[in-house]
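# Coordinates in review
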Amino acid sequence: MNENKNVTERLNELLTVYDFNKKTLSQYLELPVNHIECLAQGNMEFLSNEPSERFRLFNKILFLYASATEDKDLKLSAFLKVLISYHGLSQKTIAKMAGVETNSIGKFLSDPPKHVSEEEKYKIAVTVMALRFFLKDCETAETGM
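So, here's what we can say about the structure. The residue numbering used here restarts from 1 in each chain and proceeds along that chain's sequence as written. Only residues with pLDDT of at least 70 get local features here, since the model is predicted, and only at 80 or more are side-chain atom pairs given and counted; chain-wide, interface and lining totals rely on the full set of residues. The side-chain values count all of the structure's non-hydrogen atoms but skip hydrogen atoms and water molecules.

## Some words on the layout of surface pockets
Which entries qualify depends on this criterion: Cavities and pockets are found on a 1 Å grid laid over the protein atoms alone: a cavity is a set of points where a 1.4 Å probe fits but cannot escape, a pocket is an open set with protein on both sides within 12 Å along at least five of seven lines, and a lining residue has an atom within 4 Å of such a point. Grid points are joined across faces, edges and corners, and a volume is the space filled by probe spheres set on the points. Note on conventions: DSSP H or I runs of at least 4 residues are helices, E runs of at least 2 residues are strands, and numbering of each starts at the N terminus. Polar here means any residue other than Ala, Val, Leu, Ile, Met, Phe, Trp, Tyr, Cys and Pro, which are nonpolar, and Asp, Glu, Lys and Arg, which are charged; Gly is therefore polar.
What the largest pocket holds in volume is close to 1,100 Å³. Around the largest pocket sit 22 residues that line it, and Ser-67, Phe-79, Arg-132, Lys-136 and Glu-139 are the ones nearest its centre. Listed by contribution, the elements that provide at least two residues to the lining of the largest pocket are helix H4 (51-69), helix H5 (72-85) and helix H8 (118-143). In terms of residue class, the lining of the largest pocket is built from 13 nonpolar, two polar and seven charged.

Below is the structure:
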């Protein structure tokens, strides 16, 4: 399957299977809603021929699609690792903020992950989500993203 078809199919699936809001997609992809609809149908005539612009657009679509389809524990673990490695937060800090034992964070990060209760996983996920939201500005400022 070629890359263009793969991206348009994924976008179409976001719209039809996951009922993703077109206005939100429009803002996220920086395209008018009618272009979102055209792209989902495989029409790419309006796109720039500049490879870097297409790459940015296609990556954004594939990131959203992966968000819907990837293993949720794997994603949570990846975001948790960013907080630890990039932002320098300790497992102890995250555990305290989540209201769980530090060993629960360690279990979740182990390879393969060890069992963590659904309640603990929920608390970790909410904490990680909030921290990533608030610290995202630091990533943008430091990396120039």
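## Digging into the pattern of salt bridges
Applicable threshold: Throughout this description, the term salt bridge denotes a Lys or Arg side-chain nitrogen within 4 Å of a carboxyl oxygen of Asp or Glu. Each residue is assigned to one of three classes by its accessible area relative to the maximum for its type, calculated with a 1.4 Å probe on protein chains only: buried under 20%, partly exposed between the two thresholds, exposed over 50%.
In total, this model carries five salt bridges according to the counting rule given. With a shortest N-O distance of 3.1 Å, Asp-73 and Lys-121 are connected by a salt bridge. Of the two residues, Asp-73 sits in helix H5 while Lys-121 sits in helix H8, which places them 48 residues apart along the sequence. The class of Asp-73 is partly exposed, set by a relative accessible area of 31%. The exposure class assigned to Lys-121 is buried, which follows from its relative accessible area of 16%. Across the pair Lys-123 and Glu-119 runs a salt bridge, and its minimum N-O distance is 3.4 Å.

## Describing the packing of aromatic side chains
In this description, a pair of aromatic rings is defined by centroid distance and the angle of the planes. Spelled out, the test is: Each Phe, Tyr or Trp ring, with Trp reduced to its six-membered ring, pairs with another whose centre is within 6.5 Å; inter-plane angles below 30 degrees give stacked pairs, above 60 give edge-to-face pairs, and intermediate values give tilted ones. By the criterion adopted, a ring carries a charge over it if an Arg CZ or a Lys NZ lies within 6 Å of its centre and within 35 degrees of its normal.
A full pass over the atoms with the stated rule returns one aromatic pair. When the ring of Phe-133 is compared with that of Phe-134, the centres are 5.2 Å apart and the planes differ by 75°; the resulting orientation is edge-to-face. As far as burial versus exposure is concerned, Phe-133 and Phe-134 are alike and both exposed. Geometry around Tyr-28 places Lys-60 over its ring, the cationic atom sitting 4.7 Å from the centre.

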